[in-house]
Amino acid sequence: MTRKTTSPLLSVRNLTVSFGGPDIVDDLSFEIGHGEIVALVGESGSGKSVGSLAVMGLLENADIRGSACLAGAQGAGGDTELVGLPARQMRALRGRRISMIFQDPLSSLDPLQTIGSQIREVLRAHTPLKGPALRARAIALLEQVGIVDPEGCLTLLPQRLSGGMRQRVMIALAIAAEPDLLFADEPTTALDVTVQAQVLRLLKGLRDQTGMAMVFITHNLAVASAIADRVIVLYAGQVVEDAPAEVFFRRPAMPYSRALLSAAPRLEAVMGGYGHLEAPRGQVPSPGQRGTACRFASRCDDVREGVCLAAMPPLVSIAGPGETNHTVRCARWEELAP
Amino acid sequence: MTMRLPSVLRRLLSHPRGMVPAFYVPAIIVLCAIGPWLLPFGELHVDLYHRFLPPLGDGHLLGTDEIGRDVLSRVLMGGRVSLLVGVVSTAISTLIGTTVGIVAGYHAGLSRFLITTVIDTVLCFPVVFLLLTLAAVLHPGIGTIIGIITLVSWMEVARVAQAQTRIVRQQDYVTAVVAMGAGDAQVLFREILPNILPAIIVSATLNIARAILLESYVSYLGYGIQPPDASWGNLLNNAQEYLESDPWLAIIPGAVIVLTVVMFNLLGDALRDAIDPARRGS
Amino acid sequence: MGSGNILYVLRLGGLKLLLLLLVSIAGFVLLHLAPGDPLSQFTLAPGMTAERLAQIAHGMGLDQPLWRQYLHWLYGIMTGDWGRSFRDQAPVLGIIVSHLAATVELGLAALAISFTLGVGMGLLGALRSGRVLDDVTSVVSIVLFSLPTFWLGLVFIYVFSVRLHWFPTGNVSSPGDRSVVGYLRHLALPALTLGLVSVPVWSRYMRTFAGEILKQDQIRTARALGLSSGRIIVHRLLRGALLPMIPVAGIYLPTLLSGALVTETVFSWPGIGRLFLDSLQYRDYPVVMGVLMFSAILVLLSSTLAELVHHAADPRLRA
Ligand SMILES: Nc1ncnc2c1ncn2[C@@H]1O[C@H](COP(=O)(O)OP(=O)(O)OP(=O)(O)O)[C@@H](O)[C@H]1O
Ligand code: SF4
Ligand SMILES: [Mg+2]
């Protein structure tokens, strides 16, 4: 009983993904609590999508090692190890326990089926609903995601909807079977600024209503600050910082996080403007050339020959007693702490 | 996608699907060109004492036909004609097709509309019917065959050239060159032609395959190259009669046609992949 | 939007009609300038006189100026009078129609074979993109594309009739045997020949269309939503890829007709294709022109029909 509230919903341990070549995602570890919204941020190519798809079991031809453990559903005990789970069982979990939405809702939806038929398709796959009950549930779902004329919407093809509406429909599909965890891979990147804000509010509202946890992948620190309870920063396939949102935005511990934050426009300005994540100078090492030292060293202003280049800094917990968990991967975090 | 020859060659030869045809095609051309001179029997040499020899029979590697002519000599001589028809008709249709295609692709307007609709519509017609009608009413001969195959082939090339020209013409850098006051000729020869060349080469390679095949149809049906001259198609002319007793008379020339056409088609596909690796698989 | 699209199809249809007219003029002129007089068949007949010949020529309309002959012929085409055969004076349209059934039966059987194999191969290649099976299906497709139809027919006859005695060598039926099984045994080899050589038309387009759909996010999304792979393949992949295949059917018919001509010759199959070749040999111009026009009309009708069906079947165009 007490275990339920303290143990995480999803616990990823040493997740490593490669496609026959170098490791794309390297020793990834993090946890997602029940009902928690976690922002996964990082530059392009840092492995945000690959990591999430690996957990969802949606990667083909990938070599996946490590562990991703999903806590049992409410009432039904027993955790499920997602890595190496047989395809049939994985499919039974997708949509029902964990679900995912993507950046481009137009290409995510079937262009040849009406919205109604796509929602019914998903509901039939996961619920015993039939006939009028099915239709009622479809309408309720569309209402839940803030579609004004749900009955009219049922008969439309995706191409007739605006980008924001499409993403709402996509969200309706993803939450149709009331999953416990939603991966949202840059769900607002393709949308106008005002629509972005609406969709963010919708997602946060859904969490408040249903208690669904969320992994929110974004390039955009302003978006992260608007929605996240916690922020995980990925760099070159590794977690480099994992902190509660209010701590992360006030005093980030990793030089990379700091560079990101200072490069981004002032937060208050950003909230209105949604500037994209500005990368610090230099380039991320590509998967083949990551070496054994701190991967950020080539771009770090605080790099020190001995400490930083000797070995890969481990991910260490820096939270004080009583504080929420905060980990960072930097050999000099203590010296550099303000 | 301008071509850099060494890297294209390297990619072409790096995969068996490119390497095999890249060796076969020159080999068969050389073989047909000089082979007949090296063989002891002329392709027209009749020897009624040695009719229907099976392959390997009595010094005839591929046997002899119904009047004792050496099949290998006839296959090689036929190859000269078939390859010549394939290459020459492709050369002419490529020239015509590229010119028409560039004209249609360069400027939007009536000419593009007319050219594309006419081409699309004519390409709808059953080619073999057209070819046979033309072949039947004209004097048979190698010139006629080349002419009529060219007539039905250039449109395919024009379609490719047109589409490619439109793509290149819309590129930002070409727009910039035009905006800086470059003349049509300069844009055409400096920008368009080098950029559409790879697609044209690929299309020409595939076109040779098609032309060889078409020649074989027309000659097989008796309207192409006339006996006693050999072509790959007319070697099969009356092979059906002897199918029961002497099947190799049909099987051997046909197999040579298939092999050669397959190789040209493979070469075209492999060239396409080698020129533009990103396209592979699509 | 829907009506605009249909208008576009109709306008294309109009253009095709115009082109048909041009083709008919060209063909008519060409055939009449050809060497070999249709009268030559009568000159050697016993007791033939110059007056008698002139009479025959007059009866056949051969003494009229060419343009009048053409107009006369065109008017006839539109009113159902397609002229008479030089060979036996039978009405051309009647001859064509009497040969149609054989070609349609052969064509349908070949269509069933090539569509099934082609769609299957294309789908397989797309699903196994970049792997061995993709290479294998594409090479098979290239080989089939490179086969001279007549040669494949000869090889089949040799292997399956001469050697194995599984099937008869050709013709629609054996003398005295009118059974369905007998007919099907005669149909098998020509249908297989024609079917196999036209597989690539379907397989190449299917490979492309299915490949495009597999690249879209909707497949990954459908999997993320927990839909079964069977449902995804049938409802998303197959449905989405078959839809743009409808216009391909319009491209397919000319390939089929060209192939039928050769197949019918090899297998002595009494269809339109053989009729065409026979008539060409006898310089039976009315029949040759008739078959040319008939197949052209067939192709244009079918491609226009295919486009209309496509517009009706695609919900995006219907809306
Ligand atoms: N199927 C695949 N096969 C091989 N490499 C892949 C595959 N998918 C992704 N990669 C590589 O993995 C790396 C990480 O990609 P990923 O999409 O996870 O980055 P990302 O953090 O989501 O970036 P973005 O912000 O651009 O979406 C990239 O270098 C990419 O090229
Ligand atoms: S370990 Fe050194 S190089 Fe790496 S982030 Fe920390 S200070 Fe910079
Ligand atoms: Mg991504």
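- The name an unreviewed UniProt entry gives chain C is Diguanylate cyclase, with Gluconobacter albidus as the organism.
- Per UniProt, the comment on chain C under Subcellular location (unreviewed entry) is "Cell membrane".
- For chain C, the Sequence similarities (unreviewed entry) comment in UniProt is given as "Belongs to the binding-protein-dependent transport system permease family."

- For chain A, an unreviewed UniProt entry supplies the name ABC transporter ATP-binding protein and the organism Gluconobacter albidus.
- Here chain A is described in UniProt, under the heading Sequence similarities (unreviewed entry), as follows: "Belongs to the ABC transporter superfamily."
- Heading Subcellular location (unreviewed entry) of the UniProt record for chain A holds this comment: "Cell inner membrane".

## A short note on the sheet that holds strand E11 (residues 316–317) of chain A
All names here are of chain A.
Okay, step 1: Within the open sheet, the eight strands sit side by side as E6-E7-E8-E3-E9-E10-E12-E11. Their pairing is mixed. With partners counted over all chains shown, the strands left at the sheet margins are strand E6 (98–101) and E11, one partner each.
Okay, step 2: Here two bridges tie strand E10 (residues 238–244) to strand E12 (residues 327–328), and the two strands are oriented antiparallel to one another. The residue bridging Glu241 from the neighbouring strand is Val328, located in E12.
Okay, step 3: Where helix H2 (residues 48–56) meets the sheet, its contacts fall on strand E3 (37–41), E6, strand E7 (181–185), strand E8 (213–218) and strand E9 (230–235), and the angle it forms with E6 comes to roughly 145°.
Okay, step 4: In this fold helix H8 (residues 163–175) packs onto E6 and E7, with an angle of close to 165° to the strand it touches most, E6.

## Overview of the interface of chain C and chain B
Okay, step 1: Each partner contributes residues to the interface: chain C has 47 residues there, and chain B has 43 residues.
Okay, step 2: Each partner contributes to the roughly 4100 Å² buried at the junction of chain C and chain B, and carbon and sulfur atoms together form 77% of this total.
Okay, step 3: Of all residues in chain C, Phe150, Trp151 and Leu154 of chain C bury the most surface against chain B, accounting for 15% of the area lost on that side.
Okay, step 4: Taken together, the connections running from chain C to chain B amount to one salt bridge.
Okay, step 5: Here Asp135 of chain C and Arg17 of chain B are joined by a salt bridge, their closest N and O atoms 3.1 Å apart.
Okay, step 6: Across the contact surface, chain C and chain B share nine residue pairs in polar contact (both at pLDDT 80 or more).

## Quick look at the site of ligand 1
Residues and elements named next belong to chain A.
Okay, step 1: Taken together, Phe19, Ile24, Glu43, Ser44, Gly45, Ser46, Gly47, Lys48, Ser49, Val50, Glu186 and His219 are the residues near ligand 1.
Okay, step 2: Within the backbone of Val50, one N or O atom sits 2.8 Å away from an oxygen atom of ligand 1.
Okay, step 3: Considering ligand 1 on its own, with 630 Å² of exposed area, one finds that the protein chains cover 60% of that surface.
Okay, step 4: A per-class count over the shell around ligand 1 returns three nonpolar, six polar and three charged.

## Observations concerning the sheet that holds strand E2 (residues 23–32) of chain A
Residues and elements named next belong to chain A.
Okay, step 1: Sheet architecture is open: four strands sit in the order E2-E1-E4-E5, paired in antiparallel fashion. Only two strands of the sheet have a single neighbouring strand rather than two, namely E2 and strand E5 (80–81).
Okay, step 2: For strand E1 (residues 10–18) and strand E4 (residues 63–70), the ladder comprises seven bridges, and the chain directions are antiparallel. Residue pairing across strands places Ser18 opposite Asp63, the latter belonging to E4.
Okay, step 3: The sheet strands contacting H2 are E1, E2 and E4, and the helix crosses E1 at an angle near 115°.

## Quick look at the interface of chain A and chain C
Okay, step 1: Facing 32 residues of chain A, the contacting portion of chain C comprises 23 residues.
Okay, step 2: Both faces considered, chain A and chain C share a buried interface measuring about 2300 Å² in area, 53% of it formed by carbon and sulfur atoms.
Okay, step 3: It is Arg91, Leu112 and Glu121 of chain A in chain A that bury the most area against chain C; as a group they hold 27% of the surface buried on that side.
Okay, step 4: For the pair chain A and chain C, the number of links is four salt bridges.

## Focus on helix H8 (residues 180–197) of chain C
Residues and elements named next belong to chain C.
Okay, step 1: Its 18 residues place the ends of H8 25 Å apart at the C-alpha level, agreeing with the 26 Å of an ideal helix rising 1.5 Å per residue.
Okay, step 2: A bend of about 35° at Ala188 is the largest found in H8, and the proline Pro190 appears one to four places after it.
Okay, step 3: Of the positions making up H8, those classed as buried are Gly182, His186, Leu187, Leu189, Pro190, Ala191, Thr193, Leu194, Gly195, Leu196 and Val197.
Okay, step 4: Buried positions along H8 lie against helix H5 (92–127), helix H6 (132–146), helix H7 (149–163), helix H9 (199–215) and helix H12 (245–266).

## Examining the confidence of the model for chain A
All names here are of chain A.
Okay, step 1: Within chain A, residue pLDDT values average 86, and 91% of them lie at 70 or more.
Okay, step 2: Below pLDDT 50 for its whole length, residues 1–5 participates in four contacts with residues either more than four positions away or in separate chains.
Okay, step 3: Here residues 267–275 is a poorly scored stretch, pLDDT under 50, and it has 17 contacts once near neighbours within four places are set aside; other chains count.

## Some points on the site of ligand 2
Okay, step 1: Contacts to ligand 2 come from 13 residues, most closely from Cys294, Cys300, Cys308, Cys330 and Ala331 of chain A.
Okay, step 2: A breakdown of the residues in the shell around ligand 2 according to their chemical character gives eleven nonpolar, no polar and two charged.

## Quick word on the pairing of E7 of chain A
Residue and element names in this part refer to chain A.
Okay, step 1: When you tally the buried positions in E7, you get five out of five residues, the bulk of the element.
Okay, step 2: With four bridges connecting them, E6 and E7 associate as parallel partners. Across the sheet, the residue bridging to Met100 is Phe183, located in E7.
Okay, step 3: Direction of pairing for E7 relative to E8: parallel, over a ladder of five bridges. Paired with Leu181 across the strands is Ala213, a residue of E8.
Okay, step 4: One crossover worth recording links E7 to the parallel E8 by way of helix H9 (residues 193–210), and it is right-handed.

How each quantity is defined
- Residues numbered from 1 in each chain as written.
- Chains lettered and ligands numbered in written order.
- Predicted model: local features only at pLDDT ≥ 70, side-chain atom pairs only at ≥ 80, totals over all residues.
- Heavy atoms only, no water.
- UniProt positions renumbered as here; feature names shortened; annotations may be inferred.
- Pairing = 2+ DSSP bridges.
- Helix = DSSP H or I, 4+ residues; strand = E, 2+ residues; numbered from the N terminus.
- Contact = heavy atoms within 4.5 Å.
- Axes fitted to C-alpha atoms, helices over the stretch in contact; angles between N-to-C directions.
- Buried area = accessible area lost by both parts, 1.4 Å probe.
- Salt bridge = Lys/Arg side-chain N within 4 Å of Asp/Glu carboxyl O.
- Polar contact = N/O pair within 3.5 Å; in protein donor to acceptor, adjacent residues only side chain to side chain.
- Near = heavy atom within 4 Å.
- Areas by Shrake-Rupley, 256 points an atom, 1.4 Å probe, with all protein chains shown as cover.
- Nonpolar A, V, L, I, M, F, W, Y, C, P; charged D, E, K, R; others polar.
- Expected span 1.5 Å × (residues − 1).
- Bend = angle between axes of the 7 residues up to and from the residue.
- Buried < 20%, exposed > 50% of the residue type's maximum accessible area, 1.4 Å probe, protein only.
- pLDDT = per-residue confidence, 0-100.
- Right-handed = clockwise from strand over helix to strand, strands pointing away.

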